[in-house]
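Summary of the model geometry
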Amino acid sequence: MKNTLRESYNKTAYKLGNHGKRNVQVLKEAFQQIDENVESDMYGQGQIIEDFQQKMANLFGKETAVFFPSGTMAQQIALRIWCDEKDLGKVAYHPLSHLEIHEQDGLKKLHKIETILLADETRVIELEDIRQMENGVACVLLELPQREIGGQLPSFETLEEISRYCKEHGIKLHLDGARLLEVLPYYQKTAAELCALFDSVYMSFYKGIGGIAGAILAGSKEFTSQSKVWKRRYGGDLISLYPYILSADYYYEKRAHKMAEYYESAQELAAFFNGCEGISTLPIVPVSNMFHVHFDLDKEAVETILTDIQEIMGIGISGYVKEIAENTSSFEISLGDAYQEVPIEAVRKMFGLLAEKISERRRGE
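None of the values given here were measured: they were computed from a predicted structure.

1. Description of the sheet that holds strand 12 (residues 322-325)
Sheet architecture is open: four strands sit in the order 9-10-13-12, paired in antiparallel fashion. Each edge of the sheet is formed by a strand with only one pairing partner; in this case those strands are strand 9 (279-282) and strand 12. Adjacent strand axes in the sheet meet at a mean angle of 30° when their direction is disregarded. The sheet contact formed by strand 12 and strand 13 (residues 328-334) spans three bridges and is antiparallel. Bridge pairing in strand 13 places alanine 325 opposite threonine 328. Lying over the sheet, helix 14 (residues 299-313) contacts strand 10 (290-295), strand 12 and strand 13, oriented at roughly 50° with respect to strand 13.

2. Observations regarding the environment of leucine 59
Mapped onto the secondary structure, leucine 59 falls in helix 3 (residues 47-60). Beyond its immediate sequence surroundings of up to four residues, leucine 59 is in contact with Leu181, Ala191, Ala192 and Tyr252.

3. Topic: the pairing of strand 7 (residues 200-204)
Where burial is concerned, most of strand 7 is hidden: five out of the five residues are buried. Of the two faces of strand 7, the one carrying Ser200, Tyr202 and Ser204 and the one carrying Val201 and Met203 are both buried. The pairing of strand 6 (residues 172-176) with strand 7 spans three bridges and is parallel. The residue bridging aspartate 176 from the neighbouring strand is tyrosine 202, located in strand 7. Two strands pair when backbone bridges link them, and strand 7 and strand 8 (residues 215-219) are joined in this way by four bridges, in the antiparallel orientation. For valine 201, the partnering residue across the bridge sits in strand 8 and is alanine 218.

4. Side note on a negative patch on the surface
On the surface, Glu126, Glu157, Glu160 and Glu161 cluster together into a negatively charged patch. Mapping glutamate 160 onto the fold places it in helix 8 (residues 156-168). Judged by relative accessible area, which is 31%, glutamate 160 ranks as partly exposed.

5. Some words on the pattern of salt bridges
Here the structure, examined in full by the defined rule, presents 19 salt bridges. Ionic pairing is found between aspartate 237 and lysine 231, a salt bridge with its closest N-O pair at 3.7 Å. Of the charged contacts, one joins aspartate 337 and lysine 258 as a salt bridge, the two residues approaching to 3.3 Å between their closest N and O atoms. Of the two residues, aspartate 337 is situated in helix 15 (residues 337-340) and lysine 258 in the loop between helix 12 (242-255) and helix 13 (259-274); the sequence distance between them amounts to 79 residues.

6. Digging into a nonpolar patch on the surface
A grouping of Met42, Tyr43 and Ile239 is seen on the molecular surface, where their side chains present a nonpolar patch of about 300 Å² in accessible area. Positionally, isoleucine 239 belongs in the loop between helix 11 (221-233) and helix 12.

The rules behind each value
Residues numbered from 1 in each chain as written. Predicted model: local features only at pLDDT ≥ 70, side-chain atom pairs only at ≥ 80, totals over all residues. Heavy atoms only, no water. Pairing = 2+ DSSP bridges. Helix = DSSP H or I, 4+ residues; strand = E, 2+ residues; numbered from the N terminus. Axes fitted to C-alpha atoms, helices over the stretch in contact; angles between N-to-C directions. Contact = heavy atoms within 4.5 Å. Buried < 20%, exposed > 50% of the residue type's maximum accessible area, 1.4 Å probe, protein only. Patch = residues over 30% accessible without salt bridge, like charges linked within 9 Å, V, L, I, M, F, W, Y side chains within 5 Å. Areas by Shrake-Rupley, 256 points an atom, 1.4 Å probe, with all protein chains shown as cover. Salt bridge = Lys/Arg side-chain N within 4 Å of Asp/Glu carboxyl O. Lys, Arg positive; Asp, Glu negative; His and termini not counted. Charge placed at Lys NZ, Arg CZ, Asp CG, Glu CD.

Below is the structure:
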């Protein structure tokens, strides 16, 4: 019986994207050199959590930070705090924001917060979108990079203009920085320089960093004090969070300095894809370590081609393909440690085979 795309991907010796398999080894590696006498945190208290939170606050240039078990929890709480401060239950963000399409309307159902959608689904939010939004918005959320459209980014000048406008009009600005570190090479800024434009900041520890789970939320002392209360209300103040904190810190130290390398790898890999007839990337030139790969072929045809190549070459391209329209499909890829392990000659050979198979398919239609 022929393997499925996912099965063929899992069996490959190399992967183009991410950092490698997410299995127990990820946890074992993070814990192997930890002193067994390190004390656990207890309900958000203790040196292990407090030291890490201060480390992240310093990174972002914020007064304080709070560790959360999930980014979904952290961001809903951040927006609730800003709405309460202004006694105004309305926020604005991109129509493809994680809060809008992946959280089962948690913000609306749990907090009765109304959402205003800015820009259209094909582009990032610009200053004019903020200027033209309706009055009475407590907070604007910007996602950097905008994942659902290939990780696109506004210019840093645009961010400065939006930040200035929001301050002048009493609107809070929150950064959905799940992949915050990944955008710094493009902007050529430090995390603190970028975060200075925002009133509150969230970052994930399992995406580009590759930790187990967890997130950080940073801002003023007043803001983070309120976030701790809400964390308890959400049931996120677990008796101990140290397994997530230790792994987050380990992989932060291991990979935070590699973001420029991942960014350059993404540009190289995107050029390989764009060199194949019938394939294009979004963006054409990546602005972070991630991008989308689009095919002028239907989902079933692309799945067949990728499955064959993965079985022949032993290089994992993708474990899924998403249908966009009748004859177009795509997948997302994020670059990490794994790409550096693939022999470059094998990559070139693989793309030669990919171009050949797509050409055969297109001639046969």
